[in-house]
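Per-entry structural report
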Amino acid sequence: MITTIVKRLLQGLIVVFAIMVITFIMLRLIPGDPSRTLAPVATEAQIAQLKEQMGIGESIPIQFWKYCQNLFHGYLGYSYFQKADVSVVIGNALPKTVLLLFFALILELIFGIVFGILAAVKANTWVDKVISGFAVIFQSLPNYWISLIMISIVTVKLHLIPSIGYKGPIYAVLPAIVLSLQPMAVLIRNIRASMMGSLGQSFVKAARARGVPWRFTLIKYAFRNSLIPMLTLFGAQLSFIVGSIVVVEYVFGFPGIGLQTLNAILRRDYFLVQGLVVLISGFFIIVNTAIDIGYIYLDPRIRKALGGL
């Protein structure tokens, strides 16, 4: 198992390096000059001097070599637009986005699992139809539209929760609800389908025939059997949430990683974009490795294939 984890992490490092190289080259090939964006009325001589200061005046291979040297020493570069080191900018934005992700995942998992199991147990009843109907609606609505509706109703009309900017954890509640709705709807539909399949399996019927309590059978046998395909879905849903953060943070003016990424791309803030790409790529590598470990833990066939019990 440890060998598998180490192998996955090494493969992940190679993927992160490849993404870093592609991002580095593409940023410098696409139209746009960060020095001209930073000083739009400067002369050509001043622009050349500014490029030299920003470290973007040399050829791409030399720039990449110097970037790798700095990266090896733990230095991600300097953001001239934010007037701070990239590590400082990321360090200020990351806790806010982690809080947002935490709230969104908690909401998705709690309501997704509870309503998914309820819909499966009450299959083809009015309870199932109501839950499945709302799941289809929430799955179909775009994030930006839900965000605007939530701001208009909850903040502007009802004055219940502040939603624009960030002055404390309460500002993460509405964006987290918006982020969680679509993944929650997908989770409900998938858990319902998976649980309905598990409840019809012979091992569940055998457990019931042996007198195992219904709730224990539901959680220990049916739900656990449904978790394996859910792991793949959870990884995809987490990727969806992280991808949606850019739009949701922009609409709510939430100063997290998503908003920083959008602003950095629009400004051609090279070093900040590269730092954010490395961070997000590393996050996905860790998530995928955790999912692989989850497969090994939940499925005895995979453990046996890897030489375990």
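Whatever comes next refers back to the structure up there.
A brief structural summary. (Residues numbered from 1 in each chain as written. Predicted model: local features only at pLDDT ≥ 70, side-chain atom pairs only at ≥ 80, totals over all residues. Heavy atoms only, no water.)

**Thoughts on the packing of aromatic side chains**
Across all of its chains, the model carries 10 aromatic pairs by this definition. With centroids separated by 5.1 Å and ring planes inclined at 70°, the aromatic side chains of F24 and F64 adopt a geometry described as edge-to-face. Of this pair, F24 sits in helix 1 (residues 2-29) while F64 sits in helix 4 (residues 60-72), and the two are 40 residues apart along the sequence. In this pair, the class of F24 matches that of F64, namely buried. (Phe/Tyr/Trp six-rings, centres within 6.5 Å; stacked < 30°, edge-to-face > 60°. Helix = DSSP H or I, 4+ residues; strand = E, 2+ residues; numbered from the N terminus. Buried < 20%, exposed > 50% of the residue type's maximum accessible area, 1.4 Å probe, protein only.)

**Focus on the pattern of salt bridges**
The full count for this structure, using the stated rule, is 3 salt bridges. The shortest N-O distance in the salt bridge between R192 and D128 comes to 2.7 Å. With a gap of 64 residues between them, R192 in helix 8 (residues 173-199) and D128 in helix 6 (residues 126-140) connect regions that are remote in the sequence. D128 gets classed as buried once you look at its relative accessible area, which sits at 3%. (Salt bridge = Lys/Arg side-chain N within 4 Å of Asp/Glu carboxyl O.)

**Structural notes on unusual backbone geometry**
One non-glycine residue with positive phi stands out, namely K83, at about 55°. Of note in the backbone geometry, R268 takes a positive phi value of approximately 60° without being a glycine. Residue R268 is classed as partly exposed on the basis of its relative accessible area, which comes to 21%.

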